Structure formats: C-alpha cells, structure tokens
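# Fold and geometry: a report
Below, each chain spelled out in residue letters.
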Amino acid sequence: MAAPGQTAVSGPLETCSLERISEALKLLLSPGGSGSSSLQITKHDVLLATLKSNLSALEDKFLKDPHWKKLQLLRDEIANRVECPQNSVDITWSFTYQTLLLLLCLKETMFHLAADFNPGKPNPRTPEVAPALSPDTLSISQQKTVQSVLQFVVTLGICPYLMPGVGVPLRYRTDFVAVVQDVVCLDAVPSPTRRLYTSCRLLLNVAQHASLGNLIFCRHFGDIAAGLCQLGFSPSKSKPLKPMEEVRYIKCVLNEEERALSRGALRDILDQVYQPLAVRELLILQGGPPQPCTGGKTQFGSRSPAWLRRLCGQLLSERLMRPNGVQAVVRGILEGAGVGAAGGSDAEVTAADWKKCDLIAKILASCPQQSLSPESYYKDICPQILDLFHFQDKLTARQFQRVATTTFITMSREHPQLASKYLLQPVLAPLHRCLNTAEIPECDIIPGTILVTEEELNRCIEDIFKVYVVGNEPLTVLVDSLLPVLGVLFSLYCFTKQSVSHIRSLCQEILLWILRKLERNRAISSLKGFTRLDKSMPSLHSLCQFRTATQGGIMITIQEAIRDSLAELTQVAMENEADFKTKLFSSKSLLELEQQQTLVEVQERTLLILQLMVVLCERMSEQIFTNINQVVDFVAATLQRACASVAHQAESTVESQTLSMCMGLVAVMLGGAVQLKSSDFAVLKQLLPLLENVSNTYPDPVIQELAVDLRITIATHGAFSTEAISMAAQSTLNKKDPEGKIEEEQQANCERPTDVANSHLKQQQNNEKSNYQTSLKSNTVLHTPEEVHESSTTVSQTSGSITTEELQEVLLSAYDPQIPTRAAALRTLSHWIEQREAKAIEMQEKLLKIFLENLEHEDTFVYLSAIQGVALLSDAYPEKILLGLLAQYDSSKDKYTPETRMKVGEVLMRVVRALGDMVSKYREPLLHTFLRGVRDPDSAHRASSLSNLGELCQRLDFLLGPIVHEVTTCLIAVAKTDHEVQVRRAAIHVIVLLLRGLSQKATEVLRDVLKDLYHLLKHVVRLEPDDVARLHAQLALEELDEIMRNFLFPARKLEKKIVVLP
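All of these numbers come straight from a predicted model, not from anything done at the bench.

What follows is about the overall build of the protein. In terms of regular secondary structure, the protein is built from 49 helices and 3 strands. Taken over 1062 residues, the protein has a buried fraction of 46%. Long-range contacts, defined here as pairs at least 24 residues apart, represent 73% of the contacts in the protein between residues at least 6 apart. Looking at the protein as shown, the accessible area adds up to about 56,200 Å², and 53% of this sits on carbon and sulfur atoms.

Disulfides are covalent bonds that connect the sulfur atoms of two cysteines. This structure, assessed with the given rule, holds 0 disulfides. Between Cys-460, a cysteine without a disulfide, and Cys-434, which holds the nearest cysteine sulfur, the sulfur-to-sulfur distance is 8.9 Å. Accessibility expressed as a relative area gives 3% for Cys-460, which makes it buried. We note that Cys-494 lacks a disulfide partner, and the nearest cysteine sulfur, in Cys-507, lies 9.8 Å from it. For Cys-494, a relative accessible area of 33% gives the class partly exposed.

Note that Trp-68 resides in the loop between helix H3 (44-64) and helix H4 (69-82). Remark: the alpha-carbon pair of Trp-68 and Leu-58, spanning 10 residues in sequence, is separated by 9.8 Å. Apart from residues no more than four positions distant in its own chain, Trp-68 is found in contact with Arg-20, Glu-23, Ala-24, Leu-58, Lys-61 and Phe-62.

So, on to a nonpolar patch on the surface. Taken together, the side chains of Val-708, Ile-712 and Phe-720 define a hydrophobic patch exposed on the protein surface, amounting to about 220 Å² of accessible area. Within the secondary structure, Val-708 sits in helix H32 (residues 701-715).

So, on to the pairing of strand E3 (residues 554-558). Burial within E3 is extensive, with 5 of its 5 residues counted as buried. Covered by surrounding structure in E3 are Ile-554, Ile-556 and Ile-558 together with Met-555 and Thr-557, the residues of both alternating faces. Note that strand E1 (residues 450-452) and E3 share 2 bridges and pair antiparallel. Looking across to E3, one finds that Ile-450 is bridged to Thr-557. Where strand E2 (residues 544-548) meets E3, 5 bridges bridge the pair, whose relative direction is antiparallel. Bridge assignment links Arg-547 to a residue of E3, and that residue is Met-555. Turn length for the E2-E3 hairpin, with the two strands adjacent in sequence and antiparallel, is 5 residues, and the turn residue Gly-552 shows positive phi of about 95°.

The next point concerns helix H8 (residues 192-206). Between its first and last C-alpha, H8 extends 21 Å over 15 residues, near the 21 Å set by a 1.5 Å rise per residue. Of all 15 residues in H8, 14 are buried; the element is thus mostly enclosed.

This part takes up unusual backbone geometry. Positive phi is not limited to glycine here, since Asn-324 has a value of about 60°. Assignment of secondary structure puts Asn-324 in the loop between helix H13 (306-321) and helix H14 (325-334).

What follows concerns the side chain of Arg-942. Looking at the element boundaries, Arg-942 is found in helix H44 (residues 939-956). Using a relative accessible area of 7% as the deciding quantity, one classes Arg-942 as buried. Among the polar contacts listed, one links the side chain of Arg-942 to the backbone oxygen of Asp-936, at a separation of 2.9 Å. Other than its neighbours up to four places away in sequence, Arg-942 contacts Gly-933, Val-934, Arg-935, Asp-936, Pro-937, Asp-978, His-979, Glu-980 and Val-983.

Evaluated as defined, the whole model comprises 23 salt bridges. In this structure, the salt-bridge partner of Asp-90 is Arg-195, at a minimum N-O distance of 2.7 Å. With Asp-90 in the loop between H4 and helix H5 (91-115) and Arg-195 in helix H8, this residue pair connects regions lying 105 residues apart in the sequence. A residue is classified by how much of its surface remains accessible, and Asp-90, at 2% relative accessible area, is buried. The salt bridge partner of Arg-263 is Glu-256, with a shortest N-O separation of 3.0 Å.

What follows covers the sheet that holds E2. Read from one edge of the open sheet, 3 strands run E1-E3-E2, paired in antiparallel fashion. The sheet terminates laterally at E1 and E2, the two strands that pair on one side only. Along the sheet, successive strands turn relative to each other by an average axial angle of 45°, direction set aside. Its contacts with the sheet put helix H22 (residues 486-496) on E2 and E3, and the angle it makes with E2 is roughly 35°.

Now for H32. Helix length check: H32 (15 residues) gives 21 Å between terminal C-alpha atoms against 21 Å at 1.5 Å per residue, within 8%. All of the buried residues in H32 are Ile-703, Leu-706, Ala-707, Asp-709, Leu-710, Thr-713 and Ile-714. Its side-chain oxygen 3.1 Å from the backbone nitrogen of Val-702, Asp-700 forms the N-cap of H32. Immediately downstream of H32, the backbone of His-717 shows phi near 55°, a positive value.

Criteria and thresholds
Residues numbered from 1 in each chain as written. Predicted model: local features only at pLDDT ≥ 70, side-chain atom pairs only at ≥ 80, totals over all residues. Heavy atoms only, no water. Helix = DSSP H or I, 4+ residues; strand = E, 2+ residues; numbered from the N terminus. Buried < 20%, exposed > 50% of the residue type's maximum accessible area, 1.4 Å probe, protein only. Contact = heavy atoms within 4.5 Å. Areas by Shrake-Rupley, 256 points an atom, 1.4 Å probe, with all protein chains shown as cover. Disulfide = S-S within 2.5 Å. Patch = residues over 30% accessible without salt bridge, like charges linked within 9 Å, V, L, I, M, F, W, Y side chains within 5 Å. Salt bridge = Lys/Arg side-chain N within 4 Å of Asp/Glu carboxyl O. Pairing = 2+ DSSP bridges. Expected span 1.5 Å × (residues − 1). Polar contact = N/O pair within 3.5 Å; in protein donor to acceptor, adjacent residues only side chain to side chain. Axes fitted to C-alpha atoms, helices over the stretch in contact; angles between N-to-C directions.

Read these as spatial facts, not as claims about activity.
Below you can see the structure in the form of structure tokens.
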C-alpha cells in the first residue's frame, strides 16, 4: 500500500530527537493510575480510563514543557498532511491515531538522521575499531517500546474491524486482546472500515523505513495482510449480516481507487517480506492447519469466507510460480513445525511426519489455475523440485529430500509423461549421455574429453537412490525409465569395486532394488545384459570409460586412442592387399565366413554361461542345494542340450565341461552334501530318462559310466553308490578353496579332465602310501576316507594327550589322495603343535617333512594348511626350523619350483609376525636372505622378498639402525630401476610399512635416511607410470607428513609432574 501510505509532502519537516519520540511513546504506554505494573487489565472501565489518562498526559507535556515543542509541531504538521479524520468520541481510536502519528514522526526523524549522516573514511591505523553507528539506529530499549506500541496499534486499529473468518479472532488470542472486543465503540465516527483503512495505510507508511518495517512485518504481517485482503477484495454485496456486523462492516464502503490501492499494497508487501513467512500467513488466512501461538494456545478460527479462500489460493499459486517458489512453499509449511530457520525442538517429530510431506507433494503436483497448461507448470516447477535434493544444511536437507522424493513419486503417478520429460530425463541425463545408443558430438570425440563430470555423476547416482530406493514406489514410468541405463550403472558398480568409492553402496542398492521389483523374466533379461549374454541391452559407449577424478570421485571421459593397434591393423591390411586383389570371395566362401562368425558367437555365449554358472556355484556355496527343483531344472536343461548337440554332431569341449559340471552337482547332492528326502528323490527321478539317453548316445565313456551310476543311485534312493560318483563329487568340490574362491587353472593338453584326474590320483596314492608306510615301519590299517576324516576331526577337538595309534592314523591321512581328508589331517597336526602335544613334539622333524611335502600340492586348501603347520613349528622351535626354511627360500629355482619358494616365503612372513619382538634374535639371517632375494632373476620372488623385508623392518624398531642405509639403498634402487611394476610396487609398500610400524620413532631410527626416502617418494609420485605404485607413494607421504607434524607440533598435555625428594 505504498501509494496510499505516502503523505503529501510540501516541504522539509523540522525533526526532533529519537529520545524525545521514544519518551512520548512510553508515556502513552504507561499504566497510569491503575497501580499495575503491566497493561494486562481485564476491566473495561479501567482500560478506557488508562488510555484517556495517557492521552491527556501527552497533551499536557506538549502544552507545558518547552522541550516537547518541536515534537508537537512535527506531529501537527504530519497530521495535516495525512488528511485523516482525527476527532472521535471513541477513546480507543483516538489513542490508536495519536500512536500512529508518533510512529510517523519517528520514521521521518530516522530518515532525516540517516540522510545527514557522514561516517567519514576509516582510519587505516586502527582497522580493528568498529565503524561509526548510524544515528537512525534504535537501541534495544527503544525497539522494545516500538514493538509494544505496534502491538497496541494492531490490536486496537486492525483486529476489531476484521470480518468473521478473516484472520485469527481476538477471543483466541491473549486475555488482554480479548477485552478490546468489548471496549471498541463501533458507532462512533469514523466508521470501522475507514479506521481499518487508515491503520493499514499509516502502518505501511511507517514500514517504509527498513528497521521499522522489519519490526512491523516480523510479528504483524498476518494481521496487516488480512486487513488489506478485506479492504481490497471483499465483495461489496454479500450474504445478510447480523445487526452488529452490519453496523461494523457496511456503514462505510471504500471507493474503487482506495480498493485498488489496497490490492496493490497487498501484492507489494507479499513480494517484500520473507517468502516462507508470506506462504505461512496465507495458509492461515485460507484456513489451513492450526498453528501454535506464543502463549501456548492453539489458534482455531472460524471458517474463512469463500472469496478469501479463493484469493489466498491464487496468491499462494503466485508465490509458487515465482523463482525459488517451491522452496518458499516448503519452508513456509515446514518451518512452522520447528524446522529450518525457525529451528526448534520439534524437528525430529516433523522428520517422521509423512502426512505433512504428502500434503506438500499434493500441493506441488496440482497444476494451479493461473498456469497456461500442466506442461508449462511442470516445466517451471520440476527444476526447483530437483534442487530440493541438493541442500547441504543437515537440519533441512532430510526434510527437503523427503518432500522432493514424495513429490517426485506423486507427479510420476498423476502425470507420468510430464514427470518422465521434466523429472526423470534430467536426473538420468548424465547416464544417457554415455550410452552406446547415444550419438556423441564430434567436438567431444577427443581423447580425454570429460563427458560427465565428477559432480554430475555423484549427483545423478544420489538422486536416483533417493527417488527409487528411498521412495520405494515401483511405478511403471520409474521402472521403464531406469531400464535403459542399467548397463551403465552395472559397469559403474564394477568400476567402484576396484577402489574405494562412496557411490559403490548406492549403485548396489539401486541394482538390487530394480532386480527385486522387476518381473522374473525381465530381471533375468537384465542379468543377461549385465553379463553381455544379451547384447540388446544398452551399455557404456565403446568410446567412453570411467576414470578416477581429482576429488576422489568418478568421471566419464573419452578413451585414449590405441595407436599401436591401429598401426598393426594397417600393416596387416597392406600385407594382404595383393592377395585380396587376386582372390575374390565366392558366394560359398562368404556363407562359410558368416557361419563361422555365428559359431564363434555361439561359443562365446556358451563360455559366458559356463563362467556365470561356475561363479554362481562358488559364490552361493551350499545355498545352491537349498532348492532341489532349481538344480534339477538346470541339470535337465543341460542334459537336453547335450543330447541335442550329439544328435547334430556339434559336441565340443565346452559342452563336455558343462555336462561334467552339471553331473558333478547331482553327484555332490547324492554324496551327502544335502539331506535328501523322499520328495527330493521324486524330483530327481525327472532326470532318469535324460541320463539314460546320455549313457546311450554320448561318445565319452567316462560320462556314459557316470550317467549310468547316477541313474542307478537315483532309482535306488541312494542305497547304491559307486566310486565314480564319489570321484565326480570330489572333483566338483575341489574347485573351491577355503575362502570360496575359484581356482583359475586351465588344462594344457587335450586329455579329458576325468581321465587325467583318475590317473594322477591312483599314481599319487600308490607312491605316497608305499613310501610312508616304509618310513613308519608299521602295519597300520588303512581306513576309508570318511572314517579318517571323522577320526581326525574328533582327535582335533579332544583335549589332553593323544595315543600313538591316533597319531599314526592322522600321519597316514596326511598322504591320503582325498583332499578333504588330507587337509583335515594337516590341520589336526597343526592343532596338536599349537597345543604342545608331547607325542607330536617328539616327531617334529617328521611333521616338518610332511608339511614341506604338502607345500607342493596344487590344491589351495592343502598347501595353506601346510603353510599354517610349518609356521606353527617355526614359532615353537625357530632355532631348528627357521634356518632351514631360509636356505630353502634362498635356493635357486632349479632345486625348488618358483611356486614352492613363494609358499615358503608366505611361511616366513607368518613366522616373522608370530615371533614379534623375538625376531631381533634372527635379524641377520632374515635380512641377508631377503636382501639377496631382491636380486633374484624371478620378479615374483623379488616382490615376495620385499614384502617379507617390509614385515621384518616394521618390527625391528631401533634395531634397524645399523642396517638402515643398506635397506634404504636397496629400496631406492629397486623403486627407480626395476623394470617389473610388481616389484616397484612392493618396494614402495615396504616404505609404507616401515613408516607405519615406526610411527613417531621414525624421526630417530630413520633420521639419516629420512630425506632420501622423501625424495624417492616425490620422485615416484611425479614420474612413476603405474597408478598403484603412485598410490603407495602418496600413502607413504601422508604417513611421513603425519609423523613430522606430530614431531614439530606435539600435542599439549595438561599434566603435572610430581617428584618425591629423598
């Protein structure tokens, strides 16, 4: 209401001091003769008497005190310019009018003081001195006085004249405000409408000063807005009113110009104030949810009139359509409950209030009438909704993200096409940009170009997680929009597995969510796309790659061109150019090429399926047998495919291996890996005709025999079982190590795996059993593998002494061809050594021989058990065993295989860890052996020696001093000159272990070589081409930085040293 609030200024006004105006306002607020210390008066006559007394006291001051003359002249001049009715028999209006005049005097005085203020230039010699305060600044006491005056003005000049349903009724406010309802005289001149218009007009005039405007709008914006709504928008003709209401509201009607000015003033103050405050007050005027007031009471007003509800809805829609309007609406609704700027103790309560979030979501998803179309509305609103996901303030971020997620889902449910266009596409745009179906602009096809930045990718993944996983609404539009980018998401997840990344868990949760929500067929199709069995699924563009960004995140860039490959292809093309020109392909040769290409694709697909099944079997471990129906379905499909291959004469090695694995699964189940019931055998009988077909038609005799045996075992419900089934089951189980990892070993010849395994096991069984029986010179009875395994397990669990028979039985089992039996025996012997069993200690040399022989075994489970046994023996008797291990580790590769030397190196590492501080006794032989190993021609042995050297140096502490120069020189030479990247990595890792082990003692132990190590690490960081080696060097520099910081700036300890004198 800027225009009606302005006074007709004809010349400059003569102002007075702020203190004088403040004193006049205090005089009006004084309790008078009531004898009370506050204005909380409940009797009407006492209130009227107090107001009248205060007005009389003010006039006496003007007449008798010459110091108040300037204020009187200023007040009278402003009263003349305001042109409002002054005289009234209603004492409440006279009091309100005089108070408004004094507030206008205060505003004019503050403007003049600010205009005449010249702060001058600050003194550069005293920059710490605060700048001069503006003379129009109110003190804290003066601000409190103004706030009390404003409360009186609003209570006496606005609230009594509001229509029912407009604003909060007086009776629901404080007790004092409720008294005013009966004190105001509505029959007196001026009319109630004119009083309301004058109060709003003059208050907005006062609010032209910024400081006074803040005091007015901060607490009384809602009442002023209610008055302006009534003045500018209330209908001139409405329903018949009650007699008292008719006197109050219809006695005077504003002209059209005044109504227009009121409407303009309302829109001006709505644009001027803090937008969440405007939204909250409009919701209250509209008749929104009850809001808590300062007195602890709850405001429940009568129902708002229809015209006011429509007006507030329109104004709220305008607030929403403004820039940052969504944020204003959200804050306006949430801050009333103690969130955000309002802060408060109810933040946690609001965090769980999903109903409030649903309310906001419905408001945002509904297209207002002012919008041209739903599409234009979504186009303006959706970017603001996406911005709600990215708030950094922890208090408001959770609320805003919850609102954004709920709104996202609501819009997707009500307008799926618009939500897909304006919400989902912007969120998924970074992933769509690098799909193999997308066209990358030519200007971006430059190696090293960043297609998706680190910030974009992080924001994209986080937004997808918040919408899909947190929202957890499998709407069709959401699922369909995510399917095209699943391939990129899976590739990103695989890349995050290579290093530490905070988005790894987000990618995993997103993939698991979509696979759970998809139908079975679509989920399987997606899994095929992940493994590239289904190449129709969009994936990462061939020119794109994931790279680690500078801030530790991930970005998507264009790959570097592989020039060597292109040059090689060009050379081949040039060499074959002559032949290509002389030999033309006939139609037959082209057909053969096409058939060959198809065959290659089929073989590739088959290998991928086989690899996938092997990984699933290994990862799922025993869980694969929990559902017999699934296993039978898989085996039946494989058997049918094998029979079809034989019928078409397309049998291959891959088919044979797949068939062997499937039949091995059935053998494992029948061998006791799972407890089968009668119902399970009924399911297994579905395989009988297929096994019979395989036994009659498959060319491999071993598979034929196994099919016959499986068929008999299934038919007899496991009562009959042959050795072939046990061997097949054992062969399948042997593909797993103790940690469930797959042995990556391949056959180097074309012999059948079953034939090779059978011949090897028989030869090993005959030779090892005969040799060991001769060495023991005893006629020990050989038990079955199951009995030996059971007895060894029982012995390992018993406490106390063991018998000679038990020891000989376990020793014999250590040479058993059955791998589980052999491994169990080795672990039993290790347990006896650890428990210091007397009979086992007496045969320590024989036990060492057994363990060393089993080190050469190819199975991981066996040689790891042997490593454990040798380490325990060396820990118990290092002086007898350690030197022999060092000699074996230091021998040439002609005497021992590289694999055996590596296993001995693992034993030595465990021994060094087990010895702890006692390792200092064997410092010399250990150091000499490891330093000589660094010069070994085998790169793997060099890396192993460096790893052991790092473990040793980490535990020597101050004993490293005499040889620190040798070790440092060795590490520098290897890190700079060795051509194998694995060895260079190990050398840098030794420095990391050295600094980590010495910690604060590094400044003393390494003081002579610390500078050389620092230069080496900086050299590696700058010039080393290998990323892993650079990472190790960076970690070492961080360790060194922490050590030096603690050395130079030690932590202060508040402690007092007390010395007891003798």
